[in-house]
Amino acid sequence: MKCQVSVLLGAALLCLVVLVLQPPTVRGDRLQPKGYKQTVEKLQQFYASFEQQVSREFRRWKQQGSMTPHFRHLIQASAIGKSERAQEIRELPTAREGPLCAICRGFGGSVLEFRREGASREEVFNTTVELCTMLNLQEESICRGLIDLNIDTILYIVDNRPELSSASLCAVVFQSGACVLDDPTFTEWQVELDPNGTPVTASKAGTAQRGPNDLKIVQITDLHFDPNYRPGYNAECGAPACCRESQGVPEDPAAGAGHWGDYRNCDTPWNAVEDLLERVAEEHADADFIYHTGDIIDHGIWETSIGYNVRSISRVVEKFRQTFGETPVYNILGNHEAHPTNVYELGEVTRPDFSTNWLYHLSADLWSQWLPQAAQQTIRLGGYYTALVSPGFRVIALNNNDCYTFNWWILFQPDALKGQLQWLHDVLLQAEQAGEKVHILAHLPISSDCFSVWQREYRRILERFRDTISAQFHGHTHKDEFNVFYASESPEHAVGVAWNGGSGTSHTNVNPNYVVYYVNPETYEVTDFESYAYNLTSANMSPDERPAWFRMYSFQEEYGLSDLSPAGVDEMIQRLGTPAGRDELRRYWEYKVKLADASLATDCAEECLLNHLCEIVTNQADDLRKCQELSETFFD
């Protein structure tokens, strides 16, 4: 799942500072105000000036051993409250992009300079811990844990990429229009695309309706099992993960963790993991297979270890094996499975202690009973694979956590991202030639925090093989949502749809859920899906009883679509983008947060609803054309 205010070193530390000035109530927007491009051009000069100013103050601090009043003022002005620590970068309002990019450039440039002038690991560590604590990004113990886990990776990258600038670092991490990425090292690589595709001249249509012979696929995602979860323990601790044994029992019982989970920054107790899997097996014993789309590990990102992650991953996968028996399970990795969290090795790295091979070999072993022997090679290479499910139908399981903007290795060798994408292209080309239809599984939604150049190349592949790719399935956001892809050169045409399975966890302010898809056995298109959830408030009032799962909705019934093809779903989007579709759009938002009491209590006004509509149609960080188009009809 999502990157929270928590981290690391230097400019990466400012991932946190970006969230520092975020108002407690987020009304994130996707629209760029009038004159935005001109404003960004002016900001580039300001960034350079601000970076020099912070550098002077930082140098004085290091030379004199104390901070000047001005430097302390800069830090105090950026300090955050506990309620702001868990905000997500992609929710930041456009108006905040410029100031936050300046903060990243200023502080990040200073720490990069500090290291390159000879600062030791200990000096960099102590400096960033002090800044992290003074900025109130996390409690000191969490700052220490996060920085200690990530500092060696960051230092290796800084030391071996002397040309890496704070401008490029901030542009990759924040990926906002105000942080301009003009380094060709990051942008000028491409997948070699087969030239035999046809131009996009219309939206991809479909005629399949839900039928009695449809395949039944259950998606389970983002369980975030926390072995340290304890009912009654502090759910308001201010850390990325609360409700844990080490955080104690609060004086106020209302701040205590619930038996089945908690709406606050808390992950999933084992009893809730067991109940979800067993409920799926009981209620959907006729499922043809299971898609398990990652994020087993909890949000205790300051204290993970390889051994810790191995134990949790093994326990959950074993529970899948016991629960679903002979039903095939297609697993993929989440960003939390890595240690440190989010960090998947890329490029020609010479230090074996940075390798992610431990996770790839573990996954190959644990998943082996459900997969063909041939899948072992690519799983051990990079955590991805393909499998022919039945004649004419193939699953491609990606490890697209490599494109997460908080995977620091992107900063080391960005063109190494091409490897898995080229493999994806080549497998799709073979599938096309064999007349196969394909489902693609990926933990990160393409629109969610993936590096923009990776997004660009994935979209090129999707357009080229739009007739071969029947469906895409994602996780990570914990929301019951979907994304529509449009052709890059003719954005009036929809070419693909990606469905998100929500989450087994309630972290944060959502109910646990899973999704059942109905799939045409000839075209392998999704004809309908049903989302199942339970109300966490009610479940915690009866800790001795199993949660009361219920069918939240059927997508086809709720929205009355002709079909769930890109063309059919695009018709729905156009309807939601008008005043006449407002009630329907509000229902979409309510289902997106899975009818969670904690979210429904905050409401979602018209600008909030427009933002959620824009999130459906935005698949590349710098392409807001569809959002702008919808905004022009939204208030008519």
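Residues numbered from 1 in each chain as written. Predicted model: local features only at pLDDT ≥ 70, side-chain atom pairs only at ≥ 80, totals over all residues. Heavy atoms only, no water.

Undergrad: Give a description of the state of the cysteines that names residues and reports values.
TA: Going through the model one piece at a time under the given rule, you end up with eight disulfides. Across the disulfide from Cys101 sits Cys179; the S-S distance is 1.9 Å. On the sign convention where negative is left-handed, the bridge of Cys101 and Cys179, at about 115 degrees about the S-S bond, is right-handed. A residue pair is termed long-range when its members are at least 10 positions apart, and Cys101 in helix 4 (residues 97–116) and Cys179 in the loop between helix 7 (166–174) and helix 8 (184–187) qualify at 78 residues. Accessibility assignment for this pair places Cys101 and Cys179 in one class, buried. Paired by a disulfide, Cys614 and Cys627 hold their sulfur atoms 2.1 Å apart. Taking the sign of the S-S torsion, 75 degrees for the link of Cys614 and Cys627, the bridge is right-handed. Linking Cys614 in helix 20 (residues 606–617) with Cys627 in helix 21 (residues 625–634), this pair joins segments that are 13 residues apart in sequence. (Disulfide = S-S within 2.5 Å. Helix = DSSP H or I, 4+ residues; strand = E, 2+ residues; numbered from the N terminus. Buried < 20%, exposed > 50% of the residue type's maximum accessible area, 1.4 Å probe, protein only.)

Undergrad: Before we move on, can you summarise the pattern of salt bridges with the specific residues and values?
TA: Applying the stated criterion to the full structure yields 42 salt bridges. Across the salt bridge formed by Lys418 and Glu192, the nearest N and O atoms sit 3.6 Å from each other. Taken together, the residues Lys418 in helix 13 (residues 418–434) and Glu192 in the loop between helix 8 and strand 1 (215–220) connect sequence positions 226 residues apart. For Arg380, the salt bridge goes to Asp365, with nearest N and O atoms at 2.7 Å. Taken as a pair, Arg380 in helix 12 (residues 375–382) and Asp365 in helix 11 (residues 357–367) lie far apart in primary sequence, 15 residues in all. A relative accessible area of 28% places Arg380 in the partly exposed class. Judged by its relative accessible area of 48%, Asp365 falls in the partly exposed class. Here the residues in one salt-bridge network are Arg210, Asp528, Glu530, Arg551 and Glu557, joined through shared partners. (Salt bridge = Lys/Arg side-chain N within 4 Å of Asp/Glu carboxyl O.)

Undergrad: Break down the domain arrangement of the protein chain for me, with residues and values.
TA: For the protein chain, the assigned domains read domain 1 (36–186) and domain 2 (215–229 + 267–633). Computed from C-alpha coordinates alone, the two centres of domain 1 and domain 2 are separated by 31 Å. Each partner contributes residues to the interface: domain 1 has 22 residues there, and domain 2 has 29 residues. Both faces considered, domain 1 and domain 2 share a buried interface measuring about 2,400 Å² in area, 68% of it formed by carbon and sulfur atoms. Linking domain 1 with domain 2 are zero salt bridges, by the criterion used here. Applying the counting rule to domain 1 against domain 2 returns five residue pairs in polar contact (both at pLDDT 80 or more). Counting only elements with at least two residues in the side of domain 1 that touches domain 2, the list comes to helix 6 (140–160), helix 7 and helix 8. Per-element tally for the side of domain 1 that touches domain 2: the top contributor is helix 6, with eleven residues. For the side of domain 1 that touches domain 2, a count of residues per class yields 13 nonpolar, six polar and three charged. (Domains from an automatic or database assignment. Contact = heavy atoms within 4.5 Å. Buried area = accessible area lost by both parts, 1.4 Å probe. Polar contact = N/O pair within 3.5 Å; in protein donor to acceptor, adjacent residues only side chain to side chain. Nonpolar A, V, L, I, M, F, W, Y, C, P; charged D, E, K, R; others polar.)

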